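Observations on the three-dimensional arrangement
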Amino acid sequence: MAPAQTLLAPPTRPEIRLTRLLIDNQWVDAAEGGEFETYDPATGDAIARVAAGTAADVDRAVKAARRALERGPWASMDAADRGRLLAKLADLVESNAAELAALESYNCGKTISDAKGDIGGVVNTLRYYAGWADKIEGRTVPVRGEFLCYTLRQPVGVVGQIIPWNFPLLMLAWKWGPALACGNTVVMKPAEQTPLTALRVGELAIEAGFPAGVINLVNGFGETAGAALVGHPDVDKIAFTGHVDTAKIIQRQAAETLKRTTFELGGKSPNVIFADADLESAVAGAFHAIYFHGGQCCTAGSRLFVEKRVHQEFVERLAEKARHRQLGDPLDPATEQGPQVSREQLDKILHYVDLGQKQGATLVAGGQRRGDRGFFVEPTIFDGVRDDMAIATDEIFGPVVSVLPFDGVDEVVERSNRTNYGLAAAVWTKDIDKAHLFAKRVKAGTVWVNCYHVVDATTPFGGFKMSGQGRENGEAALEHYTETKTVTVKLGG
Ligand code: NAI
Ligand code: MG
């Protein structure tokens, strides 16, 4: 096996300039002076010390956000001008895309080509919501009697946004876009593993002209900065992406102040291959479904159902591709898979690989850490997996797929739905009947037919069951960032 790093002269590392908190358009140290280290997952080396916000910083940021919401220029700004600011930010992200992609790749470990794809998604999302800003309308309502009744859609208020490390900037855009289009102000806590790129986009937001207090960034840990945001009485809503167990903690804590909450959580998404599918593209699609970003994807196709008639051939072809995947330096354009984000994730994945073998699944590819520096894991395939094995029930969040043979539509729908998750699902077939039957009956917020991981700013995204609450992207997100006010006016004496 080739070592993870095969390059003689690795690409140069991006410069890290911004490490402080962004509160009220000022760069500030944490009130208690704390800092934490952030790492390059390709080497495991610390690359910067970043301000670690605590409750005192969250309080400062929330006060700034409240001022901006109630009294600043943002409060009286025309909706069209809010849209123009978002569009300007999109332009600035686009013109700095190469720098942002390199920094994202460096801190998160995603390949430089995936990082460029993410930045494209950021630009699309900000532009999409820029367009919405002056199109968020109420209605006139035909109430009984001589009244004029109409609804206003107003911002929810100060919004706390807590995001994970797998798509740091894309998650930022999914959360800022609708929040700002609707006129809210934002306090965001990026993930502690990937604190760097949000700061650079925060700087671009100042350059775009966002007034002080509209956008605040408080890096730090979940149990301190994150929990302080959830508990703060002057935060109106929390939008969260991350683990189901964290969401449960947040929902309990949010109950104290009856905050609005939206959640985008994990999955164990079924990817279903019928024997009549175009096998060439189904193999490529199943490969992309699980190994995109090293499996660190809430929609990863980690339960691979293959119809028995083609099961053997399918697994062989998938394993062949897995053995040839190029692991290495994420900043090297030739690399196909970078490291996992952290030691914690590496350990979690290897634990499940071990468990899969102990519970009797057949390891047909991968299963090892690659190299002894950084957090690389080989693309891994388990065959002969039973539905009740841990590798088939738990979100692993790594490059590990469980192959589950099946027979027929009814069986595969029933088994696909036998999980607490319901984020995404996919079906590969040439039979439109099977495709639409599966799409109708599977319990998932997103269904793909003969494709995978196609996610766009325009389409509602979110989970059934324990994969989430609410929807992000598309028009659907606006509902979660506005309050509806009913105004009733008596007409005549
Ligand atoms: P996590 O849910 O702990 O972290 C996500 C965010 O929540 C981070 O910003 C973190 O600081 C914050 N957070 C943690 N505890 C908090 C608390 N008590 N109050 C407020 N905020 C809090 O996820 P983690 O530990 O990074 O990853 C663990 C597992 O979660 C992964 O292995 C994966 O299975 C899943 N995950 C799912 C993601 C998704 O896209 N749905 C993204 C990242 C992780
Ligand atoms: Mg955690």
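Residues numbered from 1 in each chain as written. Chains lettered and ligands numbered in written order. Predicted model: local features only at pLDDT ≥ 70, side-chain atom pairs only at ≥ 80, totals over all residues. Heavy atoms only, no water.

Observations regarding the overall build of the protein
- Scanning the protein from N- to C-terminus turns up 16 helices and 22 strands.
- For 493 residues, the compact-globule estimate of 2.2 N^0.38 gives 23 Å, and the C-alpha radius of gyration of the protein, at 23 Å, lies within 12% of that figure.
- In terms of principal-axis extent, the alpha carbons of the protein reach across some 80 × 60 × 40 Å.
- The buried share of the protein, reckoned over its 493 residues, is 58%.
- Sequence separation of at least 24 residues holds for 74% of the intrachain contacts in the protein that already meet a minimum separation of 6.
- Carbon and sulfur atoms provide 51% of the accessible area of the protein, an area that totals close to 19800 Å². (Helix = DSSP H or I, 4+ residues; strand = E, 2+ residues; numbered from the N terminus. Rg over C-alpha atoms; globule rule 2.2 N^0.38 Å. Buried < 20%, exposed > 50% of the residue type's maximum accessible area, 1.4 Å probe, protein only. Contact = heavy atoms within 4.5 Å. Areas by Shrake-Rupley, 256 points an atom, 1.4 Å probe, with all protein chains shown as cover.)

A look at the packing of helix α4 (residues 97-108) against helix α7 (residues 196-208)
- Where α4 contacts α7, the two axes come as close as 8 Å, and the packing angle between them is 155°. Comparing their axes, α7 and α4 come out roughly antiparallel. Judged by residue contacts, E99, L100, L103, E104 and N107 of α4 engage L196, T197, R200, V201 and L204 from α7.
- Among the residues forming the contact of α4 with α7, the class breakdown is five nonpolar, two polar and three charged. (Axes fitted to C-alpha atoms, helices over the stretch in contact; angles between N-to-C directions. Parallel < 35°, antiparallel > 145°, perpendicular 65-115°, else oblique. Nonpolar A, V, L, I, M, F, W, Y, C, P; charged D, E, K, R; others polar.)

So, the packing of aromatic side chains
- Applying the stated criterion to the full structure yields 10 aromatic pairs.
- Look at W165 and F397: their rings are 5.5 Å apart centre to centre, the planes differ by 90°, and that puts the pair in the edge-to-face class. Of the two residues, W165 is situated in the loop between β7 (158-162) and α6 (168-181) and F397 in the loop between α13 (390-393) and β18 (400-406); the sequence distance between them amounts to 232 residues.
- On the basis of relative accessibility, which here comes to 10%, the residue W165 falls in the buried class.
- The residue whose ring lies beneath R82 is W74, and the NZ or CZ to ring-centre distance is 6.0 Å.
- The ring of F287 is capped by K321, whose NZ or CZ atom sits 5.0 Å from the centre of that ring. (Phe/Tyr/Trp six-rings, centres within 6.5 Å; stacked < 30°, edge-to-face > 60°. Lys NZ or Arg CZ within 6 Å of the ring centre and 35° of its normal.)

Thoughts on the pattern of salt bridges
- Applying the stated criterion across every chain, the model contains 36 salt bridges.
- A salt bridge links E37 to R49, with the shortest nitrogen-to-oxygen separation between them at 3.7 Å. Of this pair, E37 sits in strand β3 (residues 35-40) while R49 sits in strand β4 (residues 45-51), and the two are 12 residues apart along the sequence.
- For R49, a relative accessible area of 44% corresponds to the partly exposed category.
- Across the pair D276 and K434 runs a salt bridge, and its minimum N-O distance is 2.9 Å. Of this pair, D276 sits in the loop between β12 (270-273) and α10 (279-291) while K434 is found in helix α15 (residues 432-441), placing the two residues 158 residues apart along the sequence.
- Salt bridges sharing partners connect three or more residues here, namely D387, E411, E414, R415 and R418. (Salt bridge = Lys/Arg side-chain N within 4 Å of Asp/Glu carboxyl O.)

Digging into the site of ligand 1
- With respect to spatial proximity, 28 residues lie near ligand 1, and among them W165, E192, T246, K348 and E395 are the closest.
- Take T246: an N or O atom from its side chain is 2.7 Å from an oxygen atom of ligand 1.
- Between Q345 and ligand 1, the recorded distance is 3.0 Å, taken from a side-chain N or O atom to an oxygen atom.
- Within the complex, the protein chains bury 93% of what would otherwise be the 810 Å² of accessible surface of ligand 1. (Near = heavy atom within 4 Å. Polar contact = N/O pair within 3.5 Å; in protein donor to acceptor, adjacent residues only side chain to side chain.)

Observations regarding the sheet that holds strand β22 (residues 482-490)
- Strand order in the open sheet made by the three strands is β5-β6-β22, with antiparallel pairing throughout. The open sheet has two edge strands with one neighbour each: β5 (140-141) and β22. (Pairing = 2+ DSSP bridges.)

As for a nonpolar patch on the surface
- A surface patch of nonpolar side chains, amounting to about 200 Å² of accessible area, comprises V141, V143 and F147.
- Counting through the fold element by element, V143 comes out in the loop between β5 and β6 (147-155).
- For V143, a relative accessible area of 33% puts it in the partly exposed group. (Patch = residues over 30% accessible without salt bridge, like charges linked within 9 Å, V, L, I, M, F, W, Y side chains within 5 Å.)

Things to note about helix α8 (residues 222-231)
- By the burial criterion, the buried members of α8 are A225, G226, A228, L229 and V230.
- Where α8 is buried, its residues touch α1 (55-70), β7, β8 (185-189), β10 (237-241) and α9 (244-255).

Some remarks on the nonpolar core
- Counting residues in each nonpolar core, the largest one holds 99 residues, and the members touching the most others are L89, V93, W176 and F210.
- Every residue in contact with V93, bar those within four places of it in the chain, is listed here: L100, I119, V122, V123, L126, V201 and L204. (Core = buried A, V, L, I, M, F, W, Y, C linked by side-chain atoms within 4.5 Å.)

A word on the pairing of strand β17 (residues 380-383)
- Burial along β17 is two-sided: the face carrying T380 and F382 and the face carrying I381 and D383 are both buried.
- In this sheet, β17 lies alongside strand β14 (residues 362-365) in antiparallel orientation, the contact comprising three bridges. In the sheet register, T362 faces β17, and the bridge partner there is D383.
- Pairing between β17 and β18: three bridges, direction parallel. Note that in β18 the partner of I381 across the bridge is V401.

What to know about the environment of N450
- Among the structural elements, N450 can be located in the loop between β20 (446-449) and β21 (468-469).
- Residue N450 is classed as partly exposed on the basis of its relative accessible area, which comes to 39%.
- Sequence separation between N450 and E146 is 304 residues, and the spatial gap between their C-alpha atoms is 55 Å.
- Those residues in contact with N450 that sit more than four places away from it in its chain are V427, W428 and T429.
- Polar side-chain contacts of N450 include one of 2.9 Å to the backbone oxygen of T429.

Side note on the environment of G366
- With respect to the element layout, G366 can be found in the loop between β14 and β15 (369-370).
- You can call G366 partly exposed: its relative accessible area is 29%.
- C-alpha separation for the pair G366 and V400, spaced 34 residues apart in sequence, amounts to 8.7 Å.
- Apart from the residues lying within four places of it in its own chain, the contact partners of G366 are E378, P379 and T380.

Let's talk about helix α11 (residues 308-323)
- Under the 1.5 Å per step criterion, the end-to-end length of α11 is 23 Å for 16 residues, consistent within 8% with the ideal 22 Å.
- Taken as a whole, α11 carries its principal kink of about 30° at F314.
- Taken together, the buried positions of α11 are V310, H311, F314, V315, L318, A319 and A322.
- Buried residues along α11 sit in contact with β12, α10, β13 (303-307), β14, β17 and β18. (Expected span 1.5 Å × (residues − 1). Bend = angle between axes of the 7 residues up to and from the residue.)

Function cannot be inferred from these measures alone, as they are strictly geometric.
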